[in-house]
Each structure stands twice: as structure tokens, then as C-alpha cells.
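Each chain, written out:
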Amino acid sequence: MKLSEDFIKQTKPLLEEQWNDFVEALEQPSPTSIRINKGKYTKTEAYSEPVIWCQDGYYLAERPSFTFDPLFHAGAYYVQEASSMIIGQVFQQYVGNDTVKVLDLCAAPGGKSTHIASLITPDSVLVANEVIRNRANILSENIIKAGHPNVIVTNNDPADIGKLTQVFDVILIDAPCSGEGMFRKDTQAIEEWSLANVQLCKERQQRIVADVWETLCPGGILIYSTCTYNTHENEENVQWMKDTFGAEVLPLDLPDEWNIHGAFNSGNSVYHFLPHLTRGEGFFLAVLRKTGDSEDETDFAPKKSKKQPKSKSISLDSVYKNWIKGNEKYSFFERSGSWFAFPERNFDFFEYIVSQLKLVSAGIRLGDVKGKDFIPDHSLAMSQTLNKDAFTLLEVDKKTAIAYLRKEALIFPDSSKGYLLLTYSGIPIGFVKNIGNRANNLYPNEWRIRTTYLPDDC
Ligand SMILES: C[S@@+](CC[C@H](N)C(=O)[O-])C[C@H]1O[C@@H](n2cnc3c(N)ncnc32)[C@H](O)[C@@H]1O
């Protein structure tokens, strides 16, 4: 790996006698790791190498072709860089079972959002935001596949979100950065690196934090992370947050044997993942608390008389309400012919967010009404609250599952007519409508496997 002179000049003094080990580690292949989505998949016996700081994280001996694993598309696991799974420790140590409103501000493609969604209580809610539109769509796809009902995906600039005052108990800013920690995974990051870009990133990070600081509740937690090593974007920005906002830096209880490195040049409790010390990519993390007493929970109910979302007809109602488990805890609503469910406890909050921000997706999209038919949506198939008993299930083999995910035409002559929920290894992969001589493939067109290559077993 060819490191630039400027990078060496900046980084070597931070690492001192560890420099050679660090450079050697950069020459090693980067490990592959996944985080199991326990809400969907519990067969972890096949994975023998746990990521020690994350109870659902595992290393894989080699990188398989995820594209041709139906369980990947079904949201059974997320391919996530191991170091970044440390976010779970912050939630365990500072959130626990509290009911919280969380904002993941820079959320695409969704590694940390899907992780956070798996950690918060059902009464909590996560707003996963991404400013770049096409990345927001990828984020939404990954959120839908993970299947948590209490997530809202938005597509806003941090400045738009900053207009909401004291709304969130926890904000994660996984900031766009100079990406030094990604050098061995992404050679473009090496080419794009420069001292000028580090400075630019630092200023942008400060702007992003300043934009959303007001939306954090007093007593609330700001998690700040980057995938870079330098102190300008990390230690100096944390000090800047202390100086500018009076934020308090919170320590994490991390066992010594995890080898997570402390601050390079400040007295603050901040954390670096370094590739020669931990098995993962470079990552930086700090946890800060906004000072001031937390206030009573904000009431997001609209000021005018509260209108209850009503369904169009009773018969329709009885159909789709049966499609999710614990339906008494959900609000059901319609938008342009599509029906959705969102946890009732946070429905006012959802409506508030919709009135303020650009919505990409939220809750569970149940299906679309077409004439007398109610077509179940793929989001329902992916949902952890799906009531499987409401559908005819059809377990398929890998070949058929991959054909389905390629959106090919399928035939199931021995199965009943109507909507079938296909499963692979017992996990739903999506719906078809079986009309006898063929089955209409309802897999989302934009998500289909596009490659023409097919491995032998597919
Ligand atoms: C490090 S990545 C986030 C990774 C994500 N948290 C995950 O775990 O999958 C940073 C994100 O910030 C977004 N971003 C870029 N410029 C931004 C800006 N000015 N304000 C907010 N977000 C920005 C990028 O599009 C990118 O998706």
C-alpha cells in the first residue's frame, strides 16, 4: 500500500513505536464480518468466531458471495464492519431499556441504523436519515429488509433536522470523513486523501454537529464517530463540542483485552480502533452528553382535534389487520391506495416527523388495494411483526429462491392458488400470486439480483 508522505507525517507521530505494526496490518486482508438479525434468524451455531464487543457479530473465515445467499436478501444478517459494531456497547451502557427517540443522522447504507433498531425497545423509535437521495433509497431497502416496525427513514439535510427543537434522546453522527480507516478496503480512499481534505472534513463535521445540536434533548446523548485516525476530525472535534456546547464526554467501560486504544492527544475518554490491535477497520468513537436536566416527554399530538386514521371498509380492515402480530398496538393508515402500520405509541411522533421532514419510508407497508384485491407488500414479508399464519407458506430450495430474487417467472402447480409467502430455511423471502399456470413474482423490481452470472448451485 502506497501511503502519501503527508499521511505518514501526520499519523506516524500519533502511533510512535506502533507505527510499523500499523503499516504491516494495513497490508493484511480486511476481515469479513456479519451481524445476525436475531429478530429473524437464530441459527448461529455455524459461526464460531464472535466479535467480542458485539453479541450478534461474527467473523467469517472467508468472504462468501452474499448476492447468492437468499438469507442475505431476507435480512437474516447484515454484512457489517466489525469495529463499528461497538455502537451496541454505547446503547447497552447508556440507553439500556429506556424508551427513547433516536436519530441516526448520516445513516446510509444502514449498518448502524439496523443495529440500533435491534437494540432499542419496541416503544422506542428510530429516525434514520440520509441526505443523499439515492443513498437514502439504499438505506430504506436495508431498513425494510431488517424488518423493525419502529423506524422512519428520511432524506434531509442536517440543517432541516436542526429546526426540530429538543426532540431526540440519542443522536448518532457517523460523520462523513477522510476515511483513513478504510484504506485497506477502499483504495480510492487513499487516492482521495489529502491534508486539505482532512481540514474540509473537520469543518463539515463541525457544521453537521452544530446544525443538529438543538434537536438533542437536554440530558441526551450524542454519539460521534468517524472511520478515520487523525486527531483533527476526532479529538479536536470532541474538544470543540465541549468548548462550544458545554458537552460532557462520557467514558465507556471497555475491557482492556479488547485492545481498543484511547485518545491520541487529549485527556478525553474517546476510543480508536486500530487495525494492528483489533480485528477490524479503523474507527473512532466518542460519547457526549448534552448538559441540562431531561424534561418530561414531549407531546407530539397535533394541536387540533386528533383525527384517528380510519380504514376504508370493514372487510378490508379485517384482512390486513390480521397480517401482523399484536395488531392492537398499531395505527393503520392509508396513503394513495397503500396501507401502512406504525406502532401506535409513536404515531403522533411519526405524523410530526412527516409534517417536518422528507419521508422515504416508515413502519410496515402492508399492501396496495387494487379493485377488490389487496396485494401484500414486500415490506410486510420482511417485517418481524408479520403474522405468518395469515398466509399459505411455501418453503423453496436455493435454486428457486435465487430465481425468485432475480424476479424470474415461477410455477408452483402443486400449490394452492392465491398469495403464497415463499420461505427459505424458514425465513420469508417474499410473496408470489399463484394463478395456476404461473405465479406472479411480487419481488420489488428495483431490488432484484441483476447479474447474469450464476454459480453452479443456483
Ligand atoms: C460514514 S457514512 C455513514 C455510514 C452509516 N452510518 C452506516 O453505518 O452504514 C457517512 C454518510 O454521511 C453522508 N453525508 C455526506 N455528506 C453529508 C453532509 N454534509 N451532511 C450529512 N450527511 C452527509 C454520506 O452520504 C454517508 O452516507
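Owing to the predicted nature of the structure, the values given are computational and were not obtained by experimental measurement.

What counts as what
- Residues numbered from 1 in each chain as written.
- Predicted model: local features only at pLDDT ≥ 70, side-chain atom pairs only at ≥ 80, totals over all residues.
- Pairing = 2+ DSSP bridges.
- Helix = DSSP H or I, 4+ residues; strand = E, 2+ residues; numbered from the N terminus.
- Axes fitted to C-alpha atoms, helices over the stretch in contact; angles between N-to-C directions.
- Core = buried A, V, L, I, M, F, W, Y, C linked by C-beta atoms within 7 Å.
- Buried ≥ 20, exposed ≤ 12 C-beta atoms within 10 Å, placed from the backbone.
- Contact = placed C-beta atoms within 7 Å.
- UniProt positions renumbered as here; feature names shortened; annotations may be inferred.
- Parallel < 35°, antiparallel > 145°, perpendicular 65-115°, else oblique.
- Left-handed = near helix turned anticlockwise from the far one by under 90°.
- Nonpolar A, V, L, I, M, F, W, Y, C, P; charged D, E, K, R; others polar.
- Near = placed C-beta within 6 Å.
- pLDDT = per-residue confidence, 0-100.
- Right-handed = clockwise from strand over helix to strand, strands pointing away.

Trainee: Can you help me understand the sheet that holds strand E1 (residues 32–36) in this one?
Mentor: Across a sheet, paired strands are connected by hydrogen bonds in the backbone, their directions being either parallel or antiparallel. If you trace the 4 strands from one edge of the open sheet to the other, you get E2-E3-E1-E4, paired in antiparallel fashion. Edge positions in the open sheet fall to strand E2 (49–50) and strand E4 (77–79), since each of these has one partner strand only. Direction of pairing for E1 relative to E4: antiparallel, over a ladder of 3 bridges. Residue pairing for E4: Ile-36 is matched across the bridge by Tyr-77.

Trainee: So what exactly am I meant to see when it comes to the sheet that holds strand E18 (residues 392–395) here?
Mentor: Read from one edge of the open sheet, 4 strands run E18-E19-E20-E21, paired in mixed fashion. Of all strands in the sheet, those bounded by a partner on one side alone are E18 and strand E21 (439–441). Adjacent strand axes in the sheet meet at a mean angle of 40 degrees when their direction is disregarded. Sheet topology places strand E19 (residues 418–424) next to strand E20 (residues 427–434); 7 bridges connect them, and they run antiparallel.

Trainee: Explain the nonpolar core to me, please; I cannot follow it from the model alone.
Mentor: Ranked by internal contacts, the top residues of the largest apolar core, which has 113 residues, are Leu-105, Leu-126, Val-153, Ile-171, Ile-173 and Leu-222. Excluding its chain neighbours within four sequence positions, the residues that come into contact with Ile-173 are Leu-105, Cys-106, Ile-208, Val-209, Leu-222 and Tyr-224.

Trainee: Could you clarify how one ought to interpret the UniProt feature "active site" (unreviewed entry) in the chain in this entry?
Mentor: UniProt's feature table lists "active site" (unreviewed entry) at Cys-227, given in the numbering used throughout. Relative to the assigned elements, Cys-227 resides in the loop between strand E9 (216–226) and helix H10 (235–245). Under the C-beta neighbour-count criterion, Cys-227 is labelled buried, with 26 such atoms within 10 Å. Setting aside anything within four residues of it in sequence, one finds Cys-227 in contact with Cys-177, Gly-179, Gly-181, Met-182, Glu-281, Gly-282 and Phe-283.

Trainee: Which parts of the structure should I look at to understand the pairing of E9?
Mentor: Moving residue by residue along a regular strand, the side chains alternate between the two faces of the sheet. The element E9 is extensively covered by neighbouring structure, given that 9 of its 11 residues are classed as buried. Pairing analysis gives 6 bridges linking strand E8 (residues 168–174) to E9, with the strands arranged parallel. Considered in E9, the bridge of Ile-173 is made with Tyr-224. Where E9 and strand E12 (residues 283–289) come together, 6 bridges link them in antiparallel fashion. Considered in E12, the bridge of Thr-226 is made with Phe-284.

Trainee: Would you take a moment to explain the environment of Asp-243 for this structure?
Mentor: Tracing the backbone through its elements, the reader meets Asp-243 in helix H10. As a C-alpha pair, Asp-243 and Gly-39 span 204 residues in sequence and 41 Å in three-dimensional space.

Trainee: What is the right way to read the packing of helix H4 (residues 87–94) against helix H5 (residues 111–119) from this model?
Mentor: Packed helices, taken two at a time, are described by their axes: the angle between them and the distance between them. Where H4 contacts H5, the axes come no closer than 10 Å and their chain directions differ by 30 degrees. One way to sum up the angle between H4 and H5 is to call them roughly parallel. The handedness of the crossing between H4 and H5 comes out as right-handed. Contacts between H4 and H5 involve Ile-87, Gly-88 and Phe-91 on the former and, on the latter, Lys-112, His-115, Ile-116 and Leu-119. Class assignment for the residues of the contact of H4 with H5 results in 4 nonpolar, 2 polar and 1 charged.

Trainee: Just checking my understanding: could you explain the site of the ligand for this structure?
Mentor: Around the ligand sit 17 residues in total, of which Cys-106, Gly-111, Lys-112, Asp-174 and Pro-176 are the nearest. Elements with a contribution of two residues or more to the shell around the ligand: H5 and helix H9 (195–212). When grouped by side-chain class, the residues that make up the shell around the ligand number 9 nonpolar, 3 polar and 5 charged.

Trainee: I would appreciate a short explanation of the UniProt feature "domain: SAM-dependent MTase RsmB/NOP-type" (unreviewed entry) in the chain in the present structure.
Mentor: Following the UniProt record, the feature "domain: SAM-dependent MTase RsmB/NOP-type" (unreviewed entry) maps to residues 1–291 here. Helix makes up 32% of residues 1–291 and strand makes up 20%, while its end C-alpha atoms are separated by 44 Å.

Trainee: Could you clarify how one ought to interpret the environment of Gln-188 in this entry?
Mentor: Within the secondary structure, Gln-188 sits in helix H8 (residues 187–192). Of the residues examined, Gln-188 has 11 C-beta atoms within 10 Å and is grouped as exposed. Between the C-alpha atoms of Gln-188 and Ser-294, which are 106 residues apart in sequence, the distance is 43 Å.

Trainee: Before we go on, may I ask you to explain the confidence of the model for the chain in this structure?
Mentor: Caution applies to low-pLDDT regions: their predicted coordinates should not be interpreted in detail. Of the residues in the chain, 97% reach a pLDDT of 70 or more, and the chain-wide mean stands at 95. As scored by the predictor, the complex reaches a pTM of 0.96 and an ipTM of 1.00.

Trainee: Would you take a moment to explain unusual backbone geometry for this structure?
Mentor: Negative phi characterises most residues that are not glycine, and trans characterises most peptide bonds. With an omega of 5 degrees, the peptide bond running from Ala-108 to Pro-109 counts as cis. Looking at the element boundaries, Pro-109 is found in the loop between strand E5 (101–104) and H5. The backbone of Lys-407 sits at a positive phi, close to 60 degrees, despite the residue not being glycine.

Trainee: Explanation requested: the pairing of strand E6 (residues 125–129) in the structure shown.
Mentor: Most of E6 sits out of view: 5 of its 5 residues are buried. Relative to E6, E5 runs parallel, the two sharing 4 bridges. Residue pairing in the sheet places Asp-104 in a bridge with Ala-128 of E6. Remark: the E5/H5/E6 crossover connection has right-handed handedness. Summarising the sheet, E6 and strand E7 (residues 151–154) pair through 4 bridges and their orientation is parallel. Following the sheet pairing, Val-127 is matched in E7 by Ile-152. One crossover worth recording links E6 to the parallel E7 by way of helix H6 (residues 133–146), and it is right-handed.

Trainee: So what exactly am I meant to see when it comes to the packing of H9 against H10 here?
Mentor: Running from N to C, H9 and H10 cross one another at 35 degrees; their axes reach a closest spacing of 11 Å. The way H9 lies across H10 gives a crossing that is right-handed. In contact with Lys-202, Gln-205, Gln-206 and Val-209 of H9, H10 contributes Asn-237, Trp-240 and Met-241. Each residue belonging to the contact of H9 with H10 can be placed in one class, and the counts come to 3 nonpolar, 3 polar and 1 charged.

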